[in-house]
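Single-letter residue listing:
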Amino acid sequence: MIDPFGRRIGYLRVSVTDRCDFRCVYCMDETPSFLPKVEVLSLEELERLCRAFVRRGVRKVRITGGEPLVRRDVMHLFRGLGRLLQGEGLDELTLTTNASQLARHAVDLVACGVRRINVSVDTLDPARFRAITRHGRLDLVLAGLAAAKAAGLRIRINTVALRGVNEDEFDRLVAWCGAEDFDLCLIETMPLGDVDGDRTAHYLPLGTVRTRLERRWTLIPSAHATGGPARYVDVAETGRKIGFITPMTHNFCESCNRVRLTCTGMLYLCLGQEDCADLRTPLRASESDIPLLAAIDAAIARKPKGHDFVIDREHRRPALGRTMSRTGG
Ligand code: SAM
Ligand code: SF4
């Protein structure tokens, strides 16, 4: 699939649920309104959609959410998609998770063909962890990480940089990732969804973070590229990488290779734009995949060039009403 700007779309991110056992302050309200279950596609329907994308040339699928591992029987989906890794067109099946339930799924994930996962950890301080996630227990997350490591999964830690919240912890996170053999990816907070509180207060540009890290660590620009938005450096002292995802200060749209499917079958063509295509209707209209494939083609043909996020005191409203947990982060 090639979009109107010549970008090859080979990466599908699938939000399998908008529900979560955490309520991270930058992601959700304290009492979010979740989608009624009747609107959510079954796991069989999600698998059929993914298979259609793989037929159209998608090579990498990431399962995300909400928290994907809270969806009941989600391992059925992993097993089904894992079969596509055996010469049926898919090169990589992966997962983004908060790791609260990872300990009991890690071995099965490996059996399904998952090799690398992203785990979100914004702080290593248990009280701070509870404050950021409102519900989360750091000990469960660390147990999940240990199980994943023991099962042989490669792990990248995702950390949202939050001014006045975790900005004093980045050196500690770099050292911890070095010791645990994890990569680290720092992310600027994006104006997605109308969450409680003032987002501008916590926005921290990663240029500032990088300058501070350079006081303690030798950061060597890396040629490592995943086709994704992260720009990487190697940390000489630890031998691990740090990625910087800077949607606010540096737009990464020109190399965008991805689209995002929600658990209701809406296909978002850009994280930062409202336009989406309804794939649930063609999916349910026919047992044949022909209408569905036509809808996918039509959607890719209108993928927008990019987005521009702004967070400042004049733009107090979020850029978009929908949260990351709905679109699939
Ligand atoms: N629940 C899983 C997790 O937290 O890893 C997967 C879904 S979560 C929406 C995916 C990623 O999006 C997490 O790393 C989270 O920190 C990030 N995220 C959520 N809202 C964000 C925002 N407004 N700005 C930047 N990153 C955000
Ligand atoms: Fe849940 Fe992930 Fe959003 Fe946190 S960032 S509330 S773990 S979906």
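Preceding this section is the structure that the text describes.
Keep in mind it's a predicted model, so treat the numbers as computed, not measured.

Rules used throughout
Residues numbered from 1 in each chain as written. Chains lettered and ligands numbered in written order. Predicted model: local features only at pLDDT ≥ 70, side-chain atom pairs only at ≥ 80, totals over all residues. Heavy atoms only, no water. Near = heavy atom within 4 Å. Polar contact = N/O pair within 3.5 Å; in protein donor to acceptor, adjacent residues only side chain to side chain. Helix = DSSP H or I, 4+ residues; strand = E, 2+ residues; numbered from the N terminus. Nonpolar A, V, L, I, M, F, W, Y, C, P; charged D, E, K, R; others polar. Core = buried A, V, L, I, M, F, W, Y, C linked by side-chain atoms within 4.5 Å. Buried < 20%, exposed > 50% of the residue type's maximum accessible area, 1.4 Å probe, protein only. Right-handed = clockwise from strand over helix to strand, strands pointing away. Pairing = 2+ DSSP bridges. Contact = heavy atoms within 4.5 Å. Disulfide = S-S within 2.5 Å. Phe/Tyr/Trp six-rings, centres within 6.5 Å; stacked < 30°, edge-to-face > 60°. Lys NZ or Arg CZ within 6 Å of the ring centre and 35° of its normal. Axes fitted to C-alpha atoms, helices over the stretch in contact; angles between N-to-C directions. Parallel < 35°, antiparallel > 145°, perpendicular 65-115°, else oblique. Left-handed = near helix turned anticlockwise from the far one by under 90°.

Engineer: Can you help me understand the site of ligand 1 in this one?
Structural biologist: Of all residues adjacent to ligand 1, which total 18 residues, the nearest are Tyr-26, Gly-66, Ser-120, Val-160 and Met-190. Between ligand 1 and Gly-66 there is a distance of 3.0 Å, counted from a nitrogen atom to a backbone nitrogen or oxygen. Between ligand 1 and Thr-97, the relevant distance is 3.2 Å, taken from an oxygen atom to a main-chain nitrogen or oxygen of the residue. Among the secondary structure elements, those contributing two or more residues to the shell around ligand 1 are strand E3 (92-97) and strand E5 (154-161). Tallied by class, residues from the shell around ligand 1 come to five nonpolar, ten polar and three charged.

Engineer: Looking at this model, I keep getting lost on the nonpolar core. Mind explaining?
Structural biologist: As a rule of thumb, nonpolar side chains are buried together in soluble globular proteins. If you look at the biggest cluster of nonpolar residues, it comprises 96 residues, and the most contacted ones within it are Leu-12, Ile-63, Phe-78, Ile-157, Leu-213, Ile-242 and Leu-267. Residue contributions to this core peak at seven residues, all from helix H1 (residues 43-55).

Engineer: Honestly, the pairing of strand E2 (residues 60-64) in this entry has me stumped. Any pointers?
Structural biologist: Taken residue by residue, a regular strand's side chains alternate between the two faces of the sheet. Extensive coverage of E2 is indicated by the burial of five of its five residues. Judged by which residues are buried, E2 turns out to be covered on both faces: Lys-60, Arg-62 and Thr-64 on one side and Val-61 and Ile-63 on the other are all buried. Read as a crossover between parallel neighbours, the route from strand E1 (residues 11-15) over H1 to E2 is right-handed. Summarising the sheet, E2 and E3 pair through four bridges and their orientation is parallel. Looking at E3, one finds that Arg-62 is bridged to Thr-94.

Engineer: I would appreciate a short explanation of the environment of Val-40 in the present structure.
Structural biologist: Assignment of secondary structure puts Val-40 in the loop between E1 and H1. For the pair Val-40 and Thr-133, spaced 93 residues apart in sequence, the C-alpha to C-alpha distance is 24 Å. Residue contacts for Val-40: discarding those within four places in its chain leaves Val-16, Leu-35, Arg-71, Cys-263 and Arg-284.

Engineer: I would appreciate a short explanation of the state of the cysteines in the present structure.
Structural biologist: Disulfides are covalent bonds that connect the sulfur atoms of two cysteines. Tallied over the entire structure, the rule returns zero disulfides. A disulfide-free cysteine, Cys-263 has its sulfur positioned 12 Å from the sulfur of Cys-50, the nearest such atom. By relative accessible area, which is 1% here, Cys-263 ends up buried. Distance from the sulfur of Cys-276, which forms no disulfide, to the nearest cysteine sulfur (Cys-270) is 12 Å. According to the relative accessible area criterion, Cys-276 is partly exposed, its value standing at 25%.

Engineer: Explain the packing of aromatic side chains here, please?
Structural biologist: Given two aromatic rings, one states the distance between the centres and the angle between the planes to describe the pair. Counted under the stated rule, the structure contains two aromatic pairs. Both rings, one in Phe-22 and one in Phe-129, keep their centres 5.8 Å apart while their planes meet at 85°; by these two values the pair is edge-to-face. On the criterion of sequence distance, the pair formed by Phe-22 in the loop between E1 and H1 and Phe-129 in helix H4 (residues 126-133) is long-range, its members being 107 residues apart. Pair check on accessibility: Phe-22 and Phe-129 agree, each one buried. With a centroid separation of 5.4 Å and 80° between ring planes, the pair formed by Trp-176 and Phe-182 is classed as edge-to-face. Trp-176 gets classed as buried once you look at its relative accessible area, which sits at 15%. In this arrangement the basic side chain of Lys-60 is found over the ring face of Tyr-11, its NZ or CZ atom lying 4.5 Å from the centre.

Engineer: Mind showing me how you'd approach the sheet that holds E1 here?
Structural biologist: The pairing of strands in a sheet happens through backbone hydrogen bonds and is either parallel or antiparallel. As summarised here, the arrangement of the twelve strands in space is E7-E8-E9-E6-E5-E4-E3-E2-E1-E10-E11-E12, forming an open sheet in which the pairing is mixed. For this open sheet the edge positions go to strand E7 (219-221) and strand E12 (276-278), each flanked by a neighbour on one side alone. Going from strand to strand, the sheet's axes swing by 25° on average, the running direction of each strand aside. As paired strands, E5 and strand E6 (residues 183-188) are joined by six bridges and run parallel to one another. Looking across to E6, one finds that Ala-161 is bridged to Glu-188.

Engineer: Any chance you could explain the site of ligand 2 here in plain terms?
Structural biologist: Neighbouring residues of ligand 2: Cys-20, Phe-22, Arg-23, Cys-24, Cys-27, Met-28, Gly-66 and Asn-98. Looking at the shell around ligand 2, its residues break down into five nonpolar, two polar and one charged.

Engineer: It is not clear to me how the packing of H1 against helix H2 (residues 74-83) should be interpreted in this structure. Could you clarify?
Structural biologist: If you want to describe how two helices pack, look at the angle between their axes and the distance between the axes. Running from amino to carboxyl end, H1 crosses H2 at an angle of 25°, the nearest separation of the two axes being 9 Å. As summarised for this structure, H1 and H2 are arranged roughly parallel, according to the angle between their axes. The chirality of how H1 crosses H2 is right-handed. Along the contact surface, H1 presents Leu-43, Leu-46, Glu-47, Cys-50 and Arg-51, while H2 presents Val-74, His-76, Leu-77, Gly-80, Leu-81 and Arg-83. Partitioning the contact of H1 with H2 into residue classes produces six nonpolar, two polar and three charged.

Functional significance is not addressed by these values, which are geometric in nature.
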